[in-house]
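# Close look at the chain arrangement
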Amino acid sequence: MTTIELNEENLPRLAPRPCDCHKGQLGHAVIVAGGAGMGGAGLLAAQACLRLGAGLVSLLTHPDHVAASLARQPEVMVHGVTTAAGLQPLLPQATVLLLGPGLGQTGQAADMLEAAAGSPVVQVWDADALNLLALQPERFIAAGPRILTPHPGEAARLLGWSAGEVQAQREQAALQLARQYQSVVVLKGHGSLIADPGGQLLVCRHGHPVMAGPGFGDVLGGVITAFVAQGMSSVDAACLAVWLHARAGERLAAQGRGVIASDLLTPMRALLEAWSPV
Ligand SMILES: NC(=O)C1=CN([C@@H]2O[C@H](COP(=O)(O)OP(=O)(O)OC[C@H]3O[C@@H](n4cnc5c(N)ncnc54)[C@H](O)[C@@H]3O)[C@@H](O)[C@H]2O)[C@@H](O)CC1
Ligand SMILES: Nc1ncnc2c1ncn2[C@@H]1O[C@H](COP(=O)(O)OP(=O)(O)O)[C@@H](O)[C@H]1O
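Residues numbered from 1 in each chain as written. Chains lettered and ligands numbered in written order. Predicted model: local features only at pLDDT ≥ 70, side-chain atom pairs only at ≥ 80, totals over all residues. Heavy atoms only, no water.

### Looking at the site of ligand 2
- Around ligand 2, the structure places 18 residues, and the nearest of them are K188, G189, G215, G217 and D218.
- Between K188 and ligand 2, the recorded distance is 2.8 Å, taken from a side-chain N or O atom to an oxygen atom.
- Within the contact set of ligand 2, an oxygen atom lies 3.4 Å away from a backbone nitrogen or oxygen of F216.
- For ligand 2, whose accessible area on its own is 570 Å², the fraction buried by protein is 79%.
- Top contributing element to the shell around ligand 2 by residue count: helix α9 (residues 216–229), with 4 residues.
- Here the residues of the shell around ligand 2 sort into 6 nonpolar, 10 polar and 2 charged. (Near = heavy atom within 4 Å. Polar contact = N/O pair within 3.5 Å; in protein donor to acceptor, adjacent residues only side chain to side chain. Areas by Shrake-Rupley, 256 points an atom, 1.4 Å probe, with all protein chains shown as cover. Helix = DSSP H or I, 4+ residues; strand = E, 2+ residues; numbered from the N terminus. Nonpolar A, V, L, I, M, F, W, Y, C, P; charged D, E, K, R; others polar.)

Here it is as structure tokens:
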């Protein structure tokens with residue numbers, strides 16, 4: 001097994017925007033996230049997606065979260081949705097989907113996930129989408145290409161292993177997940193790994209323990225989605241997002257404990273602009 005270390009020699013770049021660029025060329029990310037009590041997860045993902053350059057971002061979330069989300073981020077189009085039927089009219093607008101942050105694992109969440117899985121666009125599966133997939137893999141076969149972003153606990157559920165077993169053999173776990181689910185996989189945690197079903201494996205050796213807090217994964221999901229929206233391949237989007245996210249965490253490390261996930265947005269944008277000027 002050859003593991004490629006992500007570094008500035010092999011890191012992909014976003015293409016510069018043409019001067020007549022308009023938002024319709026930068027993708028429409030539809031994010032299905034934020035069940036009862038977890039509105040922040042979807043909002044963090046939506047903000048990150050918007051801040052890393054997606055053309056349009058729609059957040060489909062529990063109705064309880066609509067007003068707060070709009071107040072915090074009016075550029076995001078926020079819809080209160082709790083059923084698969086409510087989701088259907090919005091899905092055809094998507095050029096990329098992000099499914100799962102804070103979604104919950106209720107029957108309605110599963111129905112919404114099943115409806116979204118039928119979309120032909122690239123689908124980023126995170127958090128509760130992964131937990132639901134682990135419970136009923138045969139129900140949630142995606143119509144479009146899929147990127148799975150498990151942390152070690154979610155990876156364990158998907159593989160039927162323990163989290164300890166995943167951590168003891170992270171590279172095998174990432175490759176096995178990519179093969180088993182025929183998806184690009186980002187196995188998160190210290191030394192995040194990116195695997196594809198063909199057996200390609202990359203590792204990011206950046207990042208910092210200040211990132212051990214709520215919502216850091218939700219932000220990563222939003223960033224991957226933003227890069228797919230802007231035309232990157234799934235593997236390139238995953239690599240660039242993981243690297244920027246980890247490097248931004250390192251930049252914040254001097255602030256010590258209490259760095260929060262939304263703090264990543266400013267340094268990630270600065271790093272992206274240095275790496276891939278607009
Ligand atoms: N503001 C919000 O609304 C937030 C909502 N969240 C949502 O809360 C739900 C539950 O997600 P959680 O991730 O908290 O719970 P989980 O039960 O999925 O994961 C926690 C467990 O996973 C394992 N694990 C995770 N990372 C690990 C690592 N790096 N090394 C070893 N083991 C590791 C550990 O066993 C840990 O106890 C998800 O839907 C998530 O999206 C979270 O994202 C936190 C923020
Ligand atoms: N100690 C650490 N070193 C490097 N990266 C970390 C560390 N702790 C957390 N991270 C990163 O932060 C993110 C946490 O994601 P996740 O566990 O899904 O959080 P949440 O569900 O709260 O959003 C992952 O991208 C992970 O790689």
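### Side note on the side chain of S192
- Here S192 shows up in the loop between β8 (184–187) and β9 (193–195).
- Within the structure, S192 has its side chain in polar contact with the backbone oxygen of G189 (distance 3.0 Å).
- Setting aside residues up to four positions removed in sequence, S192 forms contacts with R170, L187, L202, V203, C204 and V242. (Contact = heavy atoms within 4.5 Å.)

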